[in-house]
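Descriptive analysis of the structure
Chain by chain, the residues run as shown.
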Amino acid sequence: MTTEFQAFDLHPALMQAVDELGYESPTPIQERAIPALMSGRDVLGQAQTGTGKTAAFALPMLHGLQTDEARGRVQGLVVAPTRELAIQVAKAVYEYGQHRGVRVLAVYGGQSYSHQISRLQRGVDIVIGTPGRMLDLIRKDVLDLSAVRYLVLDEADEMLSMGFIEDIEAILSETPSTRQTALFSATLPEPIRRLADRYMSTPEAITINPKRLTVAETEQRYYVVNEEDKLAALTRLFETEDMTSALIFTRTKVRASELSDALLARGFPAEALHGDLSQPAREAVMNRFRRGQVTMLVATDVAARGLDIEDVSHVVNYDMPFDPEIYVHRIGRTGRAGRKGVALMLATPRERRRLQEIEAFTMQPIARAKLPTPAEILARRDAQFLLKMGGHLENISANEHALVAQMVAAGYTMEDVAAAAIRQARAQEQQRPIEEIREVPARPQQHRAKFEERTECAPKRAPRRKGEREPGMVRLWLNVGAAHGIRPRDIVGAIAGETGIPGRAIGAIEIQPQQTFVDVAERHAGQVLHKMKHWKVRGRVVVLKASE
Ligand code: AMP
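Residues numbered from 1 in each chain as written. Predicted model: local features only at pLDDT ≥ 70, side-chain atom pairs only at ≥ 80, totals over all residues. Heavy atoms only, no water.

Regarding the overall build of the protein
Definition in use: Segments assigned H or I by DSSP are reported as helices when at least four residues long, segments assigned E as strands when at least two residues long, and all are numbered from the N terminus. Per-residue accessibility, obtained with a 1.4 Å probe over protein chains only, is compared with the maximum for each type, and a residue is labelled buried under 20%, exposed over 50%, and partly exposed between these values. Accessible surface is estimated by sampling points in the Shrake-Rupley manner with a 1.4 Å probe; for residues, cover comes only from the protein chains shown. When charges are counted, Lys and Arg are positive and Asp and Glu negative, with His and the chain ends excluded. Positions of charges follow a simple convention, taking NZ of Lys, CZ of Arg, CG of Asp or CD of Glu.
Counting secondary structure elements, the protein contains 21 helices and 20 strands. Evaluated residue by residue, the protein yields a buried proportion of 52% over its 548 residues. Surface exposure of the protein reaches about 25,700 Å², of which carbon and sulfur atoms provide 52%. Once the 72 positive and 70 negative side-chain charges of the protein are each reduced to a mean point, those two points are 5 Å apart.

This is the structure we're talking about:
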């Protein structure tokens, strides 16, 4: 199979992995960063989660892996702000490198040292971790960075706002100056630029500036859901939308096939369209779609290119597009020729920032909407059923009347017969259970913005009134304070490092001389209390309790 990835001339084992993952074409950041990194240049990339940045730095890193005497020493290092991201990146690097037999290890706080140490002693090629734990392992003389040839700082601005810059500098100083460095960050504030100036050699700066395009008059809505709830969310939406035909976009062909299978299993007439289909197979799918036998077409952007479809009632961004320009192309498939179109998008909590990017690009707001509740779906099913019944009541045949008479003669009441007939008529609804969806709190992003302001300009902050707390947050109390040398970044670093919760889930921090109050998102509070039982600050055991 040919893919646009072939132009990069990646190691065949990596091409195999890319192919198996179902990637059809590189994302904009990959298109620019991969050749630059493969040519040995440093890269300063402005990209956030969801743009494909992990493959952008991991594929060149894996391509350049030495298989000779350097094997078994750490050659690649990725520094990430949180445990969650470190694990996610490690998983991706492992997947991309699996056919090269690469040994990947994630190191982060909260996991016992012994496992990480024994893995390091047995030999690891690539280490991905949070700054605190990496430094600990360096100080314990088990993490040797003297053979590092390729270093990545991922989500550098997050690390800055969590107070990790000094730690990063300490890690950088342990690596050879001949190493290649890539830095990825959603924003490039001054301290990040300074870091790049000091530790990178004439990096290629990569920002993606999509071409501006106009958007038709289409109703645009988005829903924030966790990745694992996307299918349940989509099924709920299909129950309540007045949908005659839909084009659903996924980021890979594997996901397109899986989604269409899952929809079919739930009784929705869906088919996948992806780049691997032969021309006749593609034509056959398109014909079924045009005739209305299939009303949901699940496609990748590549497969949808040049698709000859007049108009669809709905475009669904099941996976967010990699750049705003693609969003505009996608939604241009609905609302054509003056018809009313609807564009829906499922965004994961981490993708909210990219949503703002799309809004800024199209200069149109996308409204956040709430998913229909199970009660709303049941009510809608009832209403639709009654509507259909209305039609049937006009057209009852003599045979059907005879069957009813037969059952009444057998001793059943009319009501029972009707109720049993309803159950039978609605049997296929059982195929579509209404699945649980975990609630995503409204706009945690705002908390994060406040938090950044706080850590960076802490002395200027006006004292908060006692007892005042951010919405959705609970306050925790610690038995250490300024007198024990505690600083906001110690708290954020320890909590985020040990528990892996995102920095934005940590709110206001109020350090008093002998005690400290810290706000933590309600849904993470239990985890923080549980995981931080044995936390020590400068040799002193910290007691952490729910406040008030
Ligand atoms: P990232 O921004 O690295 O977190 O990637 C976001 C998602 O996009 C991940 O699920 C990747 O597996 C996926 N992805 C990365 N590159 C591509 C590509 N070229 N085509 C399709 N999916 C991709």
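Some details on the nonpolar core
Convention followed: Nine residue types can take part in a nonpolar core, namely buried Ala, Val, Leu, Ile, Met, Phe, Trp, Tyr and Cys, and a core is a set of them joined through side-chain atoms within 4.5 Å. A domain assignment, automatic or from a database, supplies the domain bounds used here. Contacts: residue pairs with any heavy atoms within 4.5 Å of one another.
In this structure, Leu77, Val127, Leu143 and Val518 are the most contacted members of the largest nonpolar core, which totals 58 residues. Considering every element that reaches this core, the biggest residue donor is helix α20 (residues 488-499), with five residues. Summarising the domain contributions, this core has at least three residues from each of domain 1 (4-207) and domain 3 (473-546). Leaving out residues up to four positions away in the same chain, Leu77 has contacts with Met61, Val127, Met134, Leu145, Val148, Tyr150, Leu151, Val152, Ile171 and Thr175.

A closer look at the domain arrangement of the protein
The condition that has to hold: Accessible area that two parts lose when put together, evaluated with a 1.4 Å probe and summed over both, is termed the buried area. Here a salt bridge means any side-chain nitrogen of Lys or Arg lying within 4 Å of a carboxyl oxygen belonging to Asp or Glu.
The domain boundaries assigned to the protein delineate domain 1 (4-207), domain 2 (218-374) and domain 3 (473-546). The C-alpha centroid of domain 2 is placed 32 Å from the C-alpha centroid of domain 1. Across the contact, 21 residues belong to domain 1 and 16 residues belong to domain 2. Across the domain 1/domain 2 interface, buried area totals approximately 1,400 Å², and carbon plus sulfur atoms make up 47% of it. At the boundary of domain 1 with domain 2, the tally comes to four salt bridges. With a closest N to O distance of 3.9 Å, Asp19 and Lys253 form a salt bridge. Elements with a minimum of two residues in the side of domain 1 that touches domain 2: α1 (12-21) and α4 (83-97). When residues of the side of domain 1 that touches domain 2 are assigned to their parent elements, the largest contribution, three residues, is made by α1.

Focus: the site of the ligand
Spelled out, the test is: The cutoff for a nearby residue is simple: one of its non-hydrogen atoms must lie within 4 Å of the molecule or strand. Whenever a nitrogen or oxygen atom comes within 3.5 Å of another N or O atom, the pair is scored as a polar contact, on the condition that within protein one atom can donate a hydrogen and the other can accept it, and that pairs from neighbouring residues in sequence are kept only if both atoms are in side chains. Under the scheme applied, nonpolar residues are Ala, Val, Leu, Ile, Met, Phe, Trp, Tyr, Cys and Pro; charged residues are Asp, Glu, Lys and Arg; polar residues are all the others, including Gly.
Near the ligand there are 15 residues, and of these Tyr23, Gln30, Gly50, Gly52 and Thr54 occur at the shortest range. Within the side chain of Tyr23, one N or O atom sits 2.5 Å away from an oxygen atom of the ligand. In this structure, Arg251 approaches the ligand through a side-chain N or O atom, which is 3.2 Å from an oxygen atom. In the complex, the protein chains occlude 85% of the 500 Å² of accessible area that the ligand would expose alone. Its residues assigned to classes, the shell around the ligand comprises four nonpolar, nine polar and two charged. The residue makeup of the shell around the ligand includes at least three contributed by each of domain 1 (4-207) and domain 2 (218-374).

As for unusual backbone geometry
Where the residue is not glycine, phi is negative for most of them; where a peptide bond is considered, it is trans in most cases. Despite not being glycine, Asp9 shows a phi value in the positive range, around 60°. By the secondary structure assignment, Asp9 is in the segment before α1. The exposure class assigned to Asp9 is exposed, which follows from its relative accessible area of 61%. One non-glycine residue with positive phi stands out, namely Asp141, at about 65°. Assignment of secondary structure puts Asp141 in the loop between α6 (131-139) and β5 (150-153).

Examining the confidence of the model for the protein
Spelled out, the test is: What pLDDT expresses is the predictor's confidence in each residue, scored from 0 to 100.
With 91% of its residues at a pLDDT of at least 70, the protein reaches an overall mean of 86. When the criterion is pLDDT under 50, residues 444-467 qualifies, and its contacts beyond four places in sequence or with other chains add up to 37 contacts.

Describing the sheet that holds strand β20 (residues 544-546)
For clarity, the cut-off: Strand pairing requires that DSSP identify at least two bridges connecting the strands. Between N-to-C directions, angles cover 0 to 180 degrees, with each direction set by a line fitted to C-alpha atoms, over the stretch in contact for helices.
Pairing within the open sheet is antiparallel, and its four strands lie in the order β16-β17-β15-β20. Because the sheet does not close on itself, it has two edges, and the strands there are β16 (506-511) and β20. Each neighbouring strand pair of the sheet contributes to a mean axis angle of 25°, computed without reference to strand direction. The strands touched by α20 are β15 (473-478), β16 and β17 (516-521); relative to β16, the strand with the most contacts, the crossing angle is about 140°.

Here's the deal with helix α5 (residues 113-122)
We apply this condition: As used here, the arc is the angular range of directions from the helix axis to the C-beta atoms.
All buried positions along α5 are accounted for by Gln116, Ile117 and Leu120. The buried residues of α5 occupy one face: seen down the axis, they fall within an arc of 100°. Seen from the buried face of α5, the exposed residues on the opposite side, beyond 90 degrees, are Ser114 and Arg122. On its buried face, α5 sits against β3 (104-107), β4 (126-129) and α6.

A few points about the sheet that holds strand β8 (residues 218-224)
Strand order in the open sheet made by the seven strands is β10-β11-β9-β12-β13-β8-β14, with parallel pairing throughout. The outermost strands of the open sheet, each flanked by one partner alone, are β10 (270-273) and β14 (367-368). Along the sheet, helix α14 (residues 324-331) contacts β8, β9 (246-249), β12 (314-317) and β13 (341-347); its crossing angle with β12, the most-contacted strand, is approximately 150°. Across the sheet, helix α15 (residues 352-362) is in contact with β8, β13 and β14; its angle to β13 comes to roughly 150°.

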